[in-house]
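# A look at the structure
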Amino acid sequence: QVQLVESGGRLVQPGEFLRLSCQISGPAFGAYSMAWWRQGPGKEREFVIGISRDGERIIYEDWRFHVSTDNAKNMLYLDLNHLKPEDTALYYCALSSRASPDDDESDYDYWGQGTQVTVSS
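Because the structure is predicted, anything quoted here is derived from the model rather than measured. (Residues numbered from 1 in each chain as written. Predicted model: local features only at pLDDT ≥ 70, side-chain atom pairs only at ≥ 80, totals over all residues. Heavy atoms only, no water.)

## Thoughts on the sheet that holds strand 7 (residues 65–70)
To summarise the sheet geometry, strands pair through backbone hydrogen bonds and adopt either a parallel or an antiparallel arrangement. The following threshold applies: Two strands are said to pair when DSSP picks up at least two bridges between them. Segments assigned H or I by DSSP are reported as helices when at least four residues long, segments assigned E as strands when at least two residues long, and all are numbered from the N terminus. Structural elements are reduced to axes, namely lines fitted to C-alpha atoms, with helices fitted over the stretch in contact, and the angle between N-to-C directions of any two is expressed from 0 to 180 degrees.
If you walk across this open sheet you meet the 4 strands as 1-3-8-7, and the pairing is antiparallel. Either end of the sheet is taken by a strand with one partner, and the two such strands are strand 1 (3–7) and strand 7. On average, each strand axis in the sheet is tilted by 20 degrees relative to the strand beside it, whichever way the strands run. Taken together, the 5 bridges between strand 1 and strand 3 (residues 18–25) define a ladder with antiparallel strand orientation. The residue of strand 3 that forms the bridge with Glu 6 is Cys 22.

Here it is as structure tokens:
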């Protein structure tokens, strides 16, 4: 059974830093490419950043965000820097059977429940 559990979301002020975590269980850690997505109020889900199955390639949309892993702990992290109010969203981690992540939702097989990030102004 594949399970993804996000954590770390909270209320922060603009300009602050936040690290989100995704604990992954079930599959072999290196079997999927991994990505973070987010969905703000009244918006569609959008791709944030992802890392390839072999850990060699990172696909990102914003220089403020960084993805990393801890294979020994089966953890995926998202570092959010210089947060802005428009970053307010429910953040999801997701797995894809493709070797590299992309921004096509249909390529992702598993999703977590999300963790809420709220950036106050």
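## A word on the nonpolar core
Note the following rule: Definition used in this section: a nonpolar core is a set of buried Ala, Val, Leu, Ile, Met, Phe, Trp, Tyr and Cys residues joined via side-chain atoms within 4.5 Å. Buried means the residue's accessible area, taken with a 1.4 Å probe over protein chains only, is under 20% of the maximum for its type, while exposed means over 50%, and partly exposed covers the values in between. Any two residues having at least one pair of non-hydrogen atoms within 4.5 Å are treated as being in contact.
Within the largest apolar cluster, 26 residues are counted, with the highest numbers of intra-cluster contacts made by Leu 20, Ile 24, Trp 36, Leu 76, Leu 78, Leu 80 and Tyr 91. Counting residues per element, the ones that place at least two in this core are strand 3, strand 4 (33–39), strand 5 (46–51), strand 7, strand 8 (75–80), strand 9 (89–96) and strand 11 (115–119). Leaving out residues up to four positions away in the same chain, Leu 76 has contacts with Leu 20, Ser 21, Cys 22, Ile 24, Met 34, Ala 35, Trp 36, Ile 51, Val 67, Ser 68, Thr 69 and Cys 93. With 5 residues, the next largest nonpolar core counts Ala 35, Phe 47, Ala 94 and Tyr 108 among its residues.

So yeah, pure geometry; function would need other evidence.
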